[in-house]
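# Descriptive analysis of the structure
Here are the chains, one letter per residue:
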There are 2 protein chains.
Amino acid sequence: MADELRHRMMSGAIPPGSLLPSEATLMAEFSVARGTVREALALLRAEGLTVSEKGRGTFVRPVLPVRRLGSERYRAELEQVRRGELGTSFTVDQRVDWSSYTLDKEFREVPAADPAAELFGVTPGTMLLERRFVFRTHGVAQQMSTSFLLLSMVADTPVADPANEPWPGGNTSQLHSLGYDITAVREQVVARMPLPDEKDTLRIPGGVPVVAITRQTYVDEMVVEVADIVVPGDRVRLDYLIHLT
Amino acid sequence: MADELRHRMMSGAIPPGSLLPSEATLMAEFSVARGTVREALALLRAEGLTVSEKGRGTFVRPVLPVRRLGSERYRAELEQVRRGELGTSFTVDQRVDWSSYTLDKEFREVPAADPAAELFGVTPGTMLLERRFVFRTHGVAQQMSTSFLLLSMVADTPVADPANEPWPGGNTSQLHSLGYDITAVREQVVARMPLPDEKDTLRIPGGVPVVAITRQTYVDEMVVEVADIVVPGDRVRLDYLIHLT
DNA sequence: CAGTGGTCTAGACCACGCT
DNA sequence: GCGTGGTCTAGACCACTGT
């Protein structure tokens, strides 16, 4: 039954965004009990093909606009900063004005625990500034991130003050203002299903994975920032250009 | 109920790889009907936290070894080829001997359809050599890929002969043998749930996404190869190093 | 063989959306 | 108020795994 419905959707017989037959209708069409219908629909939902809304119906998932997170954004951002322009890697990707998004922020001073400590190459316990961000456009959350900076590097600077966020020019610009010009970025990417809190704040429907990026920002051999970035998998395409010469 | 069980797993009360209480036991413990128990377990399965086996039980998903697909592999591979050594990007990642894996292969000559044609920058209809591969280690499929080459470039060469696969030195070496030394690679990455056939051949359990990589291999400004690579999300970590200088 | 998960039926009540 | 999906109960038979 799930196969049959999947076929109808793939072949376009039930176009994206449209309503599937109701559970009662499917019971009649396939001559099965409601539990069986619901099992089939649960499968399609877990595959990310449909979304169900209480009191409305089950919809074929519409094709969503896809953001692009690319390696080139760092190069573009660096250029901007050097030219003294504004923008953040978030807005450079989105190609939206840097003022058109909102930011939830939460700053804490924490001792380095193990994943972060190792990525920084410092001994656990070293004090870090932890900054949590939720980026929103048009009011909907698009990205969650947790960024770590060495506290010794930013204490008593404007960077450590949440009131200065969103910072025009973003991370690259912040580090620049501290006297650090980034020379390399390392990104490690995994795909996994969202945790319950990620599912909530990013409003991720069933059957949609997230892309989790662990980013290390380098100035020569030194790691000056570590960040964990989580984005819904149906809304991003990562784009990396690797020069071999 | 799903929350409670998730907590027990996260906190280590039910360690990875171990058996969850049976459905009958859970019915008794939570005083609910079997359907309710099964709904909770279906949720955990969709989240990728558990796997169920008929006649055995439901297990907490064990932590799997993670392969690394990195940007550095292309640099390493290029070095190898220049030194005249063997290896493929697959074996360089895995750090296994190039002879320890097996390969399913299937070659066809096809006219360029739209995604591939656009990625090559050629007019649709241009003839391509399509090569489908399934990489296996220890008998289990680890990666599916479809690679396209311009037929005009490879017709009547050893590269177009399936009997020469697996080719020692891999793709980079094949292109080298044709007189092309690759200068850049572009990878576009998306995360999504597996299609039914991917789920089958890669034996992907419920709740595990795949990472799909669209790769363009460049010699200067020319695209000489296009490949679609699909790997189970719970078995890979992509690692990109971006130099900004 | 007993115990497990996989599948299915036939009811029921609820919360929500729309008209 | 009616139709929708969300949740739940109380049964049933099957296929598979282990001993």
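Residues numbered from 1 in each chain as written. Chains lettered and ligands numbered in written order. Predicted model: local features only at pLDDT ≥ 70, side-chain atom pairs only at ≥ 80, totals over all residues. Heavy atoms only, no water.

## Regarding the protein's contact with DNA strand C
In the vicinity of DNA strand C lie 19 residues, with A:A33, A:T36, B:E23, B:R34 and B:R38 positioned nearest. Of what DNA strand C places within 4 Å of the protein, 68% of the atoms are sugar or phosphate. Contacts to DNA strand C include A:R34, whose side-chain N or O atom sits 3.1 Å from a base nitrogen. Within the side chain of A:R56, one N or O atom sits 3.1 Å away from a phosphate oxygen of DNA strand C. Elements with a minimum of two residues in the surface near DNA strand C: α3 (34-46) of chain A together with α3 (34-46), β1 (50-53) and β2 (57-60) of chain B. (Near = heavy atom within 4 Å. Polar contact = N/O pair within 3.5 Å; in protein donor to acceptor, adjacent residues only side chain to side chain. Helix = DSSP H or I, 4+ residues; strand = E, 2+ residues; numbered from the N terminus.)

## Quick look at the protein's contact with DNA strand D
Surveying the vicinity of DNA strand D reveals 19 residues, the closest of which are A:E23, A:R34, A:R38, B:A33 and B:T36. Taking the atoms of DNA strand D that fall within 4 Å of the protein, sugar and phosphate contribute 70% of them. Contacts to DNA strand D include A:R38, whose side-chain N or O atom sits 3.1 Å from a phosphate oxygen. B:R56 places a side-chain nitrogen or oxygen 3.1 Å from a phosphate oxygen of DNA strand D. Secondary structure elements with two or more residues in the surface near DNA strand D: α3, β1 (50-53) and β2 (57-60) of chain A together with α3 of chain B. In terms of residue count, the dominant contributor to the surface near DNA strand D is α3(B) (three residues). Counted by class, the surface near DNA strand D contains two nonpolar, nine polar and eight charged residues. (Nonpolar A, V, L, I, M, F, W, Y, C, P; charged D, E, K, R; others polar.)

## Focus on the pairing of strand β8 (residues 210-219) of chain B
Residues and elements named next belong to chain B. Across the 10 residues that make up β8, a large majority, 10, are buried. One ladder, built from nine bridges, connects strand β7 (residues 184-192) with β8; its direction is antiparallel. Bridge assignment links V189 to a residue of β8, and that residue is I213. The sheet contact formed by β8 and strand β9 (residues 222-232) spans 10 bridges and is antiparallel. Following the sheet pairing, R215 is matched in β9 by A227. The loop that links β8 with its antiparallel partner β9 comprises two residues; one of these, D220, has a positive phi angle of about 55 degrees. (Buried < 20%, exposed > 50% of the residue type's maximum accessible area, 1.4 Å probe, protein only. Pairing = 2+ DSSP bridges.)

## Details of the domain arrangement of chain A
Domain annotation of chain A identifies domain 1 (2-60) and domain 2 (67-239). Here domain 1 of chain A and domain 2 of chain A have C-alpha centroids that lie 38 Å from each other. (Domains from an automatic or database assignment.)

## Quick notes on unusual backbone geometry
The phi angle of most residues is negative, glycine excepted, and most peptide bonds adopt the trans form. Residues and elements named next belong to chain B. Backbone geometry places R203, a non-glycine residue, at a positive phi of 50 degrees. Relative to the helices and strands, R203 resides in the loop between α9 (196-201) and β8. With a phi close to 55 degrees, D220 is a non-glycine residue in the positive phi region.

## Some thoughts on the interface of chain B and chain A
Counting residues at the interface gives 36 residues for chain B, matched by 36 residues for chain A. Taken together, both faces of the contact between chain B and chain A bury some 3400 Å²; the carbon and sulfur share is 61%. Our enumeration of links across chain B and chain A arrives at two salt bridges. We note a salt bridge from B:D239 to A:R186, for which the minimum N-O separation is 2.7 Å. (Contact = heavy atoms within 4.5 Å. Buried area = accessible area lost by both parts, 1.4 Å probe. Salt bridge = Lys/Arg side-chain N within 4 Å of Asp/Glu carboxyl O.)

## Observations concerning the relation of the copies chain B and chain A
Of the transformation placing chain B onto chain A, the axial shift is 0.1 Å and the rotation is 180 degrees, giving an RMSD of 0.1 Å. Expressed as an axis order, the relation between the two copies is that of a two-fold axis. Looking at chain B, 97% of its interface residues are interface residues in chain A too, so the copies touch through the same face. (Least-squares fit on C-alpha atoms with pLDDT ≥ 70 in both.)

## Quick word on the pattern of salt bridges
Residues and elements named next belong to chain A. Counted according to the given criterion, the structure contains 36 salt bridges over all chains. Between E23 and R34 there is a salt bridge; the shortest N-O distance is 2.7 Å. Of the two residues, E23 is situated in helix α2 (residues 23-30) and R34 in helix α3; the sequence distance between them amounts to 11 residues. Between R61 and D234 there is a salt bridge, with the nearest N and O atoms lying 4.0 Å from each other. Taken together, the residues R61 in the loop between β2 and β3 (67-70) and D234 in the loop between β9 (222-232) and β10 (236-243) connect sequence positions 173 residues apart. The class of R61 is buried, set by a relative accessible area of 15%.

## Details of the environment of B:A227
The residue B:A227 is located in strand β9 in this model. Along the primary structure B:A227 and B:I213 are separated by 14 residues, whereas in three dimensions their C-alpha atoms are 7.9 Å apart.

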